[in-house]
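# Survey of secondary and tertiary structure
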Amino acid sequence: VRLVESGGGLVQPGGSLRLSCAASGFTFSRYAMNWYRQAPGKEREYVASITSAGGSTNYADSVKGRFTISRDNPKNTGYLQMNSLKPEDTAVYYCNARNSWFDYWGRGTQVTVSS
């Protein structure tokens, strides 16, 4: 079982990044997918979620209107489009796949928003 995040990097305030989460070793389409983040010295926090079929999404208030979560089940990949980035969005971003029985995590990708 693997979840591998990619797409992080350094971006200026107001910029955009698109994170990807590649899943393997399990039936991705049977799992809800979530994104979390952890800033230095802070606890991991919820960012966004999408149901297994992609029909419903939810966002933390801090990213609502700026971030968009999506998924492509035939490609076993999830995404987080991040627009209008702010310095406070700087964190390691983690992909999570969860159902009633299992809970899988990636190792994270660093996002740094700085001028």
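Each remark here, short or long, concerns the structure printed above.
Attention in this report is confined to the structure presented alongside it. Every value quoted in this text rests on a predicted model; they were computed, and no experiment measured them.

## Examining the sheet that holds strand 7 (residues 67-72)
Taken in spatial order, the four strands line up as 1-3-8-7 in an open sheet, and their pairing is antiparallel. Each edge of the open sheet is held by one strand with a lone partner, namely strand 1 (2-6) and strand 7. Taking each pair of neighbouring strands and ignoring which way they run, the sheet shows an average axis angle of 15°. Judged from the six bridges that link them, strand 7 and strand 8 (residues 77-82) form a sheet pairing that is antiparallel. Looking at the pairing, Ile-69 lines up with Leu-80 of strand 8.

## Some details on the side chain of Thr-109
Relative to the elements of secondary structure, Thr-109 occurs in strand 11 (residues 109-113). On the basis of relative accessibility, which here comes to 10%, the residue Thr-109 falls in the buried class. From its side chain, Thr-109 meets the backbone nitrogen of Gly-8 in a polar contact 3.3 Å long. Here Thr-109 is in contact with Glu-5, Ser-6, Gly-7, Gly-8, Leu-19, Ala-91, Val-92 and Tyr-93, once residues within four sequence places are set aside.

## With respect to the pairing of strand 9 (residues 91-98)
Judged by how many residues are buried, strand 9 sits mostly within the fold: six of eight residues are covered. As paired elements, strand 4 (residues 32-38) and strand 9 share seven bridges and run antiparallel to each other. In the sheet register, Arg-37 faces strand 9, and the bridge partner there is Tyr-93. Sheet topology note: the strand 9/strand 11 ladder contains three bridges and is antiparallel. Residue pairing for strand 11: Tyr-93 is matched across the bridge by Thr-109. When strand 9 meets strand 10 (residues 103-105), the two strands line up antiparallel, connected through three bridges. Looking at the pairing, Arg-98 lines up with Asp-103 of strand 10. Counting the residues between successive antiparallel strands, the hairpin from strand 9 to strand 10 contains four residues.

Cut-offs and rules
Residues numbered from 1 in each chain as written. Predicted model: local features only at pLDDT ≥ 70, side-chain atom pairs only at ≥ 80, totals over all residues. Heavy atoms only, no water. Pairing = 2+ DSSP bridges. Helix = DSSP H or I, 4+ residues; strand = E, 2+ residues; numbered from the N terminus. Axes fitted to C-alpha atoms, helices over the stretch in contact; angles between N-to-C directions. Buried < 20%, exposed > 50% of the residue type's maximum accessible area, 1.4 Å probe, protein only. Polar contact = N/O pair within 3.5 Å; in protein donor to acceptor, adjacent residues only side chain to side chain. Contact = heavy atoms within 4.5 Å.

These figures come from the coordinates and say nothing about function on their own.
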